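Given next are the chains, with one letter for each unit.
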Amino acid sequence: MARLHITRTNPTVSVQDHGRTGAMRYGVSQAGPMDWVRHAHALKLAGGKGTAAFEVGLGGAAFRAEGRVRIAVTGPGFLVSLGSGETFAPPLALTLEDGATLSLQPGKWGMWAYVAVAGIKFGEPVLGSYATNVRTGMGQRDATDFACKDADPLSPSLYDDVYDGDGPIAILEGPQHHLFDALVHDLMAASSYALTDAVDRMGYRLSGPELTARDGHDIISDGIVEGAIQVPGNGQPIVLCADRQPTGGYPKIAVVARAARPRLTQKRPGDPVAFRWITAKDARRRVKVLQDKIAHPTPRIRAEFTPQYLFERNLVGGVWDPKQS
């Protein structure tokens, strides 16, 4: 049995699976990954049998293997450094040999990365989930040493990212869409917003043109789905994320389409945010396209090969002399 040790951690590192579904009726937040696409992609590259992975924020993280450990990393803008001195841009999959180290650092863009490990043991689930929620104290919080399955050797294998992070954020009509006039709907789609410093796993606050509800901004509290965009009295939208509260009393003008959520959650404070309305049919189609890409990872062709990289792979398997044929 191999083991994986987290040698450098911080509050942005957590264990996340698909989330604690079915518990919000009891007032328990769902949790789960901030970027479900990169989370699922990492699990696929690690072997496709796991459900939970490490989520790593801007604080980065470092890991050390005891025995051979199969590991996969995804995350836009992040950099993976090995103890051997090699540096890679995710997505990638590899086997860490006994004593080998891997560190993950953010680059100039992107908020969240994912580290999936083949055959890792996360202990007992809480309410059917391994997802971590710091506010409720549920999930894996302080563990830094994990048992995992012994892996076969695997040199670093690079893959294409399955997600295009450019363009407007696709949104659907929210449950209180009717409380906002058509001119407000048009304003939301025609305007540019900025992501403020008030961002965490619970929600992202935006700054921009005010969205005014026709009869005020207080409603009877109702359930909140992931990606719901609620508008408080100041007219500045708030996008509710993985650790959102189960209910809220502000009108929800829109919901970020599932396929578009990573496009928002991977933005950093100060980044511009634009929206566009789409239909439910289009939203479902976009999710299916992403699921197909995740199921069939595309290997990445390296544009550059350093002498060290080529030397370590012993690419010459023999020499053939045509005179001896």
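Residues numbered from 1 in each chain as written. Predicted model: local features only at pLDDT ≥ 70, side-chain atom pairs only at ≥ 80, totals over all residues. Heavy atoms only, no water.

A. Representation of the side chain of R38 within the structure. Take R38: it is sitting in helix 1 (residues 36-45). Among the residues examined, R38 registers a relative accessible area of 4% and is labelled buried. Among the polar contacts listed, one links the side chain of R38 to the side chain of D35, at a separation of 2.6 Å. In this structure R38 touches T74, G75, P76, Y114, D161, Y163, P262 and Q266, once residues within four positions along its chain are discounted. (Helix = DSSP H or I, 4+ residues; strand = E, 2+ residues; numbered from the N terminus. Buried < 20%, exposed > 50% of the residue type's maximum accessible area, 1.4 Å probe, protein only. Polar contact = N/O pair within 3.5 Å; in protein donor to acceptor, adjacent residues only side chain to side chain. Contact = heavy atoms within 4.5 Å.)

B. Quick peek at the pattern of salt bridges. Under the defined criterion, the tally for this structure stands at 13 salt bridges. For E97, the salt bridge goes to R68, with nearest N and O atoms at 2.8 Å. Of this pair, E97 sits in the loop between strand 8 (92-96) and strand 9 (101-105) while R68 sits in the loop between strand 4 (61-66) and strand 5 (69-74); the two residues are 29 residues apart in sequence, bridging distant segments of the chain. Under the relative-accessibility criterion, E97 is labelled partly exposed at 34%. Its relative accessible area of 35% is what places R68 among the partly exposed residues. Here K288 makes a salt bridge to D292, at a shortest N to O gap of 3.0 Å. With K288 and D292 both in helix 4 (residues 280-295) and four residues apart, the pair spans about one turn of that helix. Taking the relative accessible area as the measure of exposure, K288 reaches 44% and is therefore partly exposed. Its relative accessible area of 35% is what places D292 among the partly exposed residues. If you follow the salt bridges from partner to partner, you end up with D35, R38 and D161 in one network. (Salt bridge = Lys/Arg side-chain N within 4 Å of Asp/Glu carboxyl O.)

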